[in-house]
Amino acid sequence: AQSVTQLGSHVSVSEGALVLLRCNYSSSVPPYLFWYVQYPNQGLQLLLKYTSAATLVKGINGFEAEFKKSETSFHLTKPSAHMSDAAEYFCAVSSGNTPLVFGKGTRLSVIA
Amino acid sequence: DGGITQSPKYLFRKEGQNVTLSCEQNLNHDAMYWYRQDPGQGLRLIYYSQIVNDFQKGDIAEGYSVSREKKESFPLTVTSAQKNPTAFYLCASSTTGRETQYFGPGTRLLVL
């Protein structure tokens, strides 16, 4: 069975600082990995996904994530935080033809 | 525009009442999903359907029921057996079980 662990339920960064949101996964087969963003009272929007092609994946809004098989990680980064990045971020994993399994989410706050 | 619609945006339930949340998609996706979101608990899978006239229980199916009579529609009924229904409910769809899920805007259910 697959699982996802997001380290840190809340991360706070200053505007212009590096954003790093951590995600570790467990999967018995090569996984597909996803990062989603959710703004208050809205649905989830896909930021980026990994499907066994390039290990460095670029997404929308300047975010990127690197798949590291040896560390079973898929951390999300952005070089410079913007106030509009404040939201909740979810990592998800899929193995085989089964529904995505989501982490519990990390709330990102950006301080001016 | 292709996408997923959920209605209503807010729904109020009285004690002992069943209520139905609507989810419609025009993305021609085979798979559809219902999630419940509570603060700090991430997304929990209620039911999913990978094909018309078939659906499977997720992690928290008790007190909920679904139907999938049409490819485009996957309504969720919150029955009176669900003792703590107050939550944000999200519907999603995808081409297959492991591919990107696309989310609707959500329905917030409140108990009177």
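In case you missed it, the structure is sitting above this.
Residues numbered from 1 in each chain as written. Chains lettered and ligands numbered in written order. Predicted model: local features only at pLDDT ≥ 70, side-chain atom pairs only at ≥ 80, totals over all residues. Heavy atoms only, no water.

A. Representation of a nonpolar patch on the surface in the model. A contiguous nonpolar patch, built from Tyr10(B), Phe12(B) and Leu112(B) and spanning about 350 Å² of accessible area, is present on the exposed surface. By the secondary structure assignment, Tyr10(B) is in strand β2 (residues 10-13). (Patch = residues over 30% accessible without salt bridge, like charges linked within 9 Å, V, L, I, M, F, W, Y side chains within 5 Å. Areas by Shrake-Rupley, 256 points an atom, 1.4 Å probe, with all protein chains shown as cover. Salt bridge = Lys/Arg side-chain N within 4 Å of Asp/Glu carboxyl O. Helix = DSSP H or I, 4+ residues; strand = E, 2+ residues; numbered from the N terminus.)

B. Seen up close, the sheet that holds strand β3 (residues 19-25) of chain B. All names here are of chain B. Spatially, four strands are ordered β1-β3-β8-β7 in an open sheet, and the strand pairing comes out antiparallel. Taken across any chain shown, the strands that pair with only one partner, and hence form the sheet edges, are β1 (4-7) and β7 (64-66). Averaged over all adjacent pairs, the angle separating strand axes in this sheet is 20°, with direction ignored. In the sheet, β3 pairs with strand β8 (residues 76-78) via three bridges, with the strands oriented antiparallel. Opposite threonine 20, over in β8, you have threonine 77 as the bridge partner. (Pairing = 2+ DSSP bridges. Axes fitted to C-alpha atoms, helices over the stretch in contact; angles between N-to-C directions.)

C. Quick peek at the sheet that holds strand β7 (residues 64-68) of chain A. Residue and element names in this part refer to chain A. Here five strands make up an open sheet; going across it, the order is β1-β3-β8-β7-β6 and the pairing antiparallel. Bordering the open sheet on either side are β1 (3-7) and β6 (56-58), each of which pairs with just one other strand. Put simply, the sheet's adjacent strands are angled 20° from each other on average, direction ignored. Pairing analysis gives five bridges linking β7 to strand β8 (residues 73-78), with the strands arranged antiparallel. From the neighbouring strand, glutamate 64 faces β8, where its bridge partner is threonine 77.

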